[in-house]
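A structural walkthrough
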Amino acid sequence: MEPVDLKALAAKNPGHWRRAACIRALALDAVAAANSGHSGMPMGMADIATVLWEKHLKFDAAAPDWPDRDRFILSNGHGSMLLYSLLHLTGFEDMTLDQVKNFRQLGAITAGHPEYGHAKGIETTTGPLGQGLANAVGFAMAEESLRARWGKKVVDHHTWVFAGDGCLMEGVSHEAIALAGKQKLSKLIVVFDHNGITIDGKVSIADITDQKGRFEAAGWDVFECDGHDADDIDRALTDAKASDRPALVIATTHIALGSSAQDTAKGHGALTADDVVAGAKAAYGWTTGPFEIPADLKAEWEEIGRRGRPEREAWEARLAALSAGKQADWARAQAGEMPRKLSATIKALKKQVSETAPKVATRKSSEMTLEVINPLLPETLGGSADLTGSNNTLTAGMGVFAPEDRKGRYIHYGIREHGMAAAMNGMALHGGVRPYGGTFMCFADYARPAMRLSALMGISVQYVMTHDSIGLGEDGPTHQPVEHLAMLRATPNMLVFRPADTVETAEAWECALMAGDRPSVLALSRQGLPTVRTEHKAKNMVAQGGYVLAEAGAKRQAILLASGSEVAVAMAAKALLEADGIGTRVVSMPSMELFAAQDEAWRKRVLPGGAVRVAVEAGVRQGWDRWLTGERGRDAKADFVGMDSFGASAPAGDLYKHFGITGENVAAKVRALL
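All values reported here derive from a predicted model rather than from experimental measurement.

Its volume calculated, the largest pocket comes out at about 650 Å³. Along the walls of the largest pocket sit 29 residues, with Y116, Q334, A428, L429 and G431 positioned nearest its centre. Within the residue set of the lining of the largest pocket, elements represented by two or more residues are α14 (324–335), α18 (417–430) and β10 (434–440). Counted by class, the lining of the largest pocket contains twelve nonpolar, eleven polar and six charged residues.

Take the packing of helix α2 (residues 14–34) against helix α4 (residues 80–90) next. Remark: α2 packs on α4, axes separated minimally by 9 Å, with the N-to-C direction vectors making an angle of 120°. The orientation of α2 with respect to α4, classified from their angle, is oblique. Of the two elements, α2 crosses α4, and the hand of that crossing is right-handed. Facing C22, I23, L26, A27, A30 and V31 of α2, the residues of α4 in contact are M81, L82, S85, L86, H88 and L89. Partitioned by chemical class, the residues of the contact of α2 with α4 number ten nonpolar, two polar and no charged.

Right, let's talk about the nonpolar core for a bit. Within the largest apolar cluster, 71 residues are counted, with the highest numbers of intra-cluster contacts made by W53, F72, M81, L82, F162 and V249. Top element by residues in this core is α2. It accounts for twelve residues. Once residues within four sequence positions are removed from consideration, F162 is found in contact with M45, I48, A49, L52, F72, I73, L74, S75, N76, L82 and V191. If you look at the next biggest cluster of nonpolar residues, it comprises 69 residues, including V190, W315, A450 and I459.

Among the secondary structure elements, S469 is positioned in the loop between β11 (462–466) and α20 (484–489). At 2.9 Å, the side chain of S469 forms a polar contact with the backbone nitrogen of G471. One polar contact links S469 to Y656, side chain to side chain, over a distance of 3.5 Å. Setting aside anything within four residues of it in sequence, one finds S469 in contact with Q480, P481, R498, Q527, S565, A618 and Y656.

Per the counting criterion, the structure on display carries four cavities of 30 Å³ or more. When its volume is computed, the largest cavity comes out at roughly 130 Å³. In terms of lining, the largest cavity is formed by 13 residues, of which the most central are F59, R69, D70, F92 and E123. Its residues assigned to classes, the lining of the largest cavity shows eight nonpolar, one polar and four charged.

On to the sheet that holds strand β12 (residues 495–497). Pairing within the open sheet is parallel, and its six strands lie in the order β9-β8-β10-β11-β13-β12. The open sheet has two edge strands with one neighbour each: β9 (410–412) and β12. Between one strand and the next, the sheet's axes are offset by a mean angle of 20°, whatever the strand orientation. Bridging between β11 and strand β13 (residues 520–524) involves five bridges; their strand directions are parallel. Within β13, the residue paired with M465 across the bridge is A523.

Rules behind the numbers
- Residues numbered from 1 in each chain as written.
- Predicted model: local features only at pLDDT ≥ 70, side-chain atom pairs only at ≥ 80, totals over all residues.
- Heavy atoms only, no water.
- 1 Å grid on protein atoms, 1.4 Å probe; cavity = no way out; pocket = protein on both sides within 12 Å on 5 of 7 lines; lining within 4 Å.
- Points joined across faces, edges and corners; volume = space filled by probe spheres on them.
- Helix = DSSP H or I, 4+ residues; strand = E, 2+ residues; numbered from the N terminus.
- Nonpolar A, V, L, I, M, F, W, Y, C, P; charged D, E, K, R; others polar.
- Axes fitted to C-alpha atoms, helices over the stretch in contact; angles between N-to-C directions.
- Parallel < 35°, antiparallel > 145°, perpendicular 65-115°, else oblique.
- Left-handed = near helix turned anticlockwise from the far one by under 90°.
- Contact = heavy atoms within 4.5 Å.
- Core = buried A, V, L, I, M, F, W, Y, C linked by side-chain atoms within 4.5 Å.
- Buried < 20%, exposed > 50% of the residue type's maximum accessible area, 1.4 Å probe, protein only.
- Polar contact = N/O pair within 3.5 Å; in protein donor to acceptor, adjacent residues only side chain to side chain.
- Pairing = 2+ DSSP bridges.

Next comes the structure, spelled out in structure tokens:
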């Protein structure tokens, strides 16, 4: 890259230069104090951030949760000190100077990468590159949906993204930009920090992609600017806002601007040496001590933080002018609360199903449940990764979300499981909408990075994952999940539901929607399953995670535990054992997480000591030993029937016999233990 004349930049726009230097100085000081972090990106993007926050971003630092604020997403989250500096300088109350000084320290809100929920102004957790960019597509889709429903007077804002080379190399970026281009998300603007440097060296050692051509091919408008020229940045951002398509602004920058590490791989990381920090500050004309911001500059930044107040107050007046009913609807959806009718509606469905006892796949059970949920919750945005007919995620009257119909509530994500999951995270974070999306459970592998972030952030996203075992049959082991239930259950804060019939599926959906701070997976069958809950109970039994489905007829000698499609297998084994006088209890375990959360008294009622225990599930054993050998169980009196290998291609019934997942085999395990 050509050398930069810093004195000329400072002389051209001295006010801007000094405000941007505040960001650079705080980033240098915080990284040096922590002796870790990433100095180069905040130093390189400070000019763009200053122009954006001063002249374009709609926000009010005193009201960080204002629903109609612009969203600012730092996809290149390693440069977190850029965001923390902006929040502190503009006057976000919780981003104190002490928090900045404690960057990357235990208990501070200034984590190494921005974490949602730690501080106001952090719209999403970023750091795994590409995720913020893909989240932003969901943010923009949520804005479009809400604007169509509520009108521009209530919803009308942009989603801004800062992204680097790494974000654009990650595979999820391809899914995200293609989806955004197809949907013509004109309120989405991505600023690409085009500095040509990665950790290993120049970008050119690993990538020669023409990013301008790539985005244009995906249906974006592309603009370019000098990322250190305030006037040129302002022009490009203004042009991007005027586009009727998603916009990419390619901003050519110098990583670690003004330091001896400028334009090098070293500049990507932590610049902590005293001479390097001092040299950079001298290049900026910065003369104050560590973490010292001159009072006049702090005042200028705080005025920027107040700039959006009149617009925010005008918005509040417009909202207050809505009818009381509309205001209540708005408030409920924004708070993520469920309508009062939900519980009664679920109970009515359960009663009907218990009486008619249909034999249907639980993916169909999910559709039946969504048919009664979606009319009650106008904020749901459903979808599927090109498996609508298989996932059963589309219900009557939803309409398709598209550039021609923003009131449509069903999204065709295409074959983009990762992009779908990341977009749903963005929708949930935006607020006012409730996303759910479907794919085959095996393809949780494709969606996994975004699903992990759903759990890490504690947000309510519903993953409808059908074809949940070898029961899908002929498609074979490439599509048959074996280890996936264990993997998902091992994820902290993730709720995994594997319902046995339509009654449990309806209860699982109610639990998922009520769990406002946890994502949920609904693991659903392809094959038809009998109704096992034939006696109607108003109480939501799935909410307790595990419960006694069928009590022993004779003196209890065995407890069978099962989930999903294998509950019927356990019931068949019970019949065989009871015929021989072996009293057998069947415990349905639709959610291990919720069962683990019950008090000791409930768990002891369901799993008392004494009896032998056998669990049956068409997956690996991992996760079951807590209930088999713990909780008053014993290793010598416990066994498991399930999978210890990949599946095979054959009809489902043949596969269950081949792998020994049968009532006869379960009964034989019990007899062996006795």
